[in-house]
Amino acid sequence: MSTYTIVGGGIVGASIGYHLVKAGHTVTLYDRADSGQATAASAGIIAPWISQKRNKDWYRLVTAGAKYYPEFVKKIETETGVSTGYKQEGVLSLFKDDTVLEKGFKRIHSKKENAPEMGEVYKVSREDVKKMHPHLTDLYPGVYVEGGGQIEGASLLKALKAGFLHHGGRWINEDFNSSKTEGLLIYASGAWAVEQGYAPKIRHQRSEVFHFEVDEAEKVTDTPVVMALGPIYLVELGANKYAIGTTHTETESFSTEPSRENYDYLRGLAQRYFPGSNIRDISMMVGLKPFARDYMPYIGYAEENVFIVNGLGSTGLTASPVLGREIVKFLNGEETELDFGDYSYI
Ligand SMILES: Cc1cc2nc3c(=O)[nH]c(=O)nc-3n(C[C@H](O)[C@H](O)[C@H](O)COP(=O)(O)OP(=O)(O)OC[C@H]3O[C@@H](n4cnc5c(N)ncnc54)[C@H](O)[C@@H]3O)c2cc1C
């Protein structure tokens, strides 16, 4: 058995830590809970088949991630008794008109052959959109994918931490410096990786999400995740409560003050997707999404005793549990399903 030090207790560090201690290794994890942690701000959508992104290495990773989720969540919830908030109500992708809907349906449906975990995939008329999601606008038709899911980033972290501690891991809430290293050092430090300065350079995008409540007598729950027009999504946070996102600002700043401009923009969108409803503000969430070159994750050695896992961008919640499982196999010298040569591209 080996000894590891992990820096970063966001989703990917915690997931690697959990899988390492379960495999019997000695692990110490440092996390300083920076404001802007991407995991805590995340929308938690697990539906990679909807994306139009064409990179095959990325797609292999996130589809493996989505496939692993139900099994992984069941395991960790049973082991720890902590709910992760995972639900699989499907995902509804909206299209601006019937012509675009046909194209979207073909594109999404064609992915089912290699991803049976998508479940049923079918077109949804404007009227049926309204039946599936009563408060939502009926302006747009959609495509429904049954296997789409949603996770609460903060709750999943709690479960991972509980599982990590249960299997003997040491979780230390403090800043890390290299004199504390024991065994192999794994940096999973998200946007803050600039402090370590290894290649590839990690940049970050500041993303904001608006949480709100729809003031309607009819209490609605169990709605699918909505991928709206453009890069907009809507997720349910409980009866009549939703989050809408997101904004993307590439920046070097680590400020996590919500911006007035983004608030106005997202609130306007909330009103557009819930026309006629009174929108009540809950909060603005701000997260710093880490990106590496070409918007691809970087997973590999930076030097002999330093392993980096970063750049998970907009789909890190989807990818991290399976990455935890696979990285542990890789470090153990076992056969892996993912080829890590695809992600260690320096
Ligand atoms: C608004 C938003 C919406 C998103 N929506 C989705 C989605 O729907 N689906 C999806 O799959 N993904 C989504 N993502 C992406 C996902 O959240 C991220 O890819 C993922 O959380 C990145 O995880 P991480 O562990 O790399 O980084 P983080 O979660 O940012 O964690 C890094 C941790 O490292 C700690 N740290 C850094 N340096 C040190 C140090 N020196 N010492 C101690 N601790 C340190 C920090 O304090 C932090 O806790 C979203 C992200 C955002 C911001």
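Above this note sits the structure.
Sequence order sets the numbering: in each chain, residues are counted from 1 along the sequence as written. In view of the model being predicted, local features appear only for residues whose pLDDT reaches at least 70, and side-chain atom pairs are presented and counted only at 80 or more, with totals across whole chains, interfaces and linings using the full set of residues. Side-chain metrics rest on all non-hydrogen atoms present in the structure, leaving aside hydrogens and water.

Undergrad: Help me understand the packing of aromatic side chains in this model?
TA: When we look at a pair of aromatic rings, we describe it by the centre distance and by the angle of the planes. By convention, a stacked pair of Phe, Tyr or Trp rings (six-membered ring in the case of Trp) has centres within 6.5 Å and planes under 30 degrees apart, an edge-to-face pair has planes over 60 apart, and any other such pair is tilted. Tallied over the entire structure, the rule returns 22 aromatic pairs. Taking the centre distance of 6.2 Å and the plane angle of 85° together, the rings of Tyr69 and Phe72 count as edge-to-face. Of the two residues, Tyr69 and Phe72 both sit in helix α3 (residues 56-80), 3 residues apart, roughly one turn of that helix. Side by side, Tyr69 and Phe72 carry an identical accessibility label, which is buried. Ring pairs connect the aromatic residues Tyr18, Tyr68, Tyr69, Phe72 and Tyr86, which therefore count as one cluster. Consider the ring centre and the ring normal. A charge sits over the ring if Lys NZ or Arg CZ is within 6 Å of that centre and within 35 degrees of that normal. Over the face of the ring belonging to Tyr295 we find Arg203, whose NZ or CZ atom lies 5.3 Å from the ring centre. Secondary structure elements follow DSSP: runs of H or I no shorter than four residues count as helices, runs of E no shorter than two count as strands, and numbering proceeds from the N terminus. The rule is simple: take the accessible area with a 1.4 Å probe, protein chains only, and divide by the maximum for that residue type; under 20% is buried, over 50% is exposed, in between is partly exposed.

Undergrad: How should I be thinking about the site of the ligand in this particular structure?
TA: The criterion for a residue being near a molecule or strand is simple. One of its heavy atoms has to lie within 4 Å of it. Around the ligand sit 38 residues, and of these Asp31, Asp34, Thr39, Gly313 and Thr318 come closest. In this structure, Ile11 approaches the ligand through a main-chain N or O atom, which is 3.2 Å from an oxygen atom. The term polar contact refers here to a pair of N or O atoms within 3.5 Å; inside protein, the definition further demands a hydrogen-donor-capable atom paired with an acceptor-capable atom, and it admits residues adjacent in sequence only when both atoms are side-chain atoms. In this structure, Gln37 approaches the ligand through a side-chain N or O atom, which is 3.0 Å from an oxygen atom. Accessible areas in this description were obtained via Shrake-Rupley with a 1.4 Å probe; residue shielding takes into account the shown protein chains only. The protein chains hide 98% of the 1,000 Å² of surface that the ligand would expose on its own. Counting residues per element, the ones that place at least two in the shell around the ligand are α1 (11-22), α2 (38-41), β10 (203-215), β15 (278-291) and α8 (316-331).

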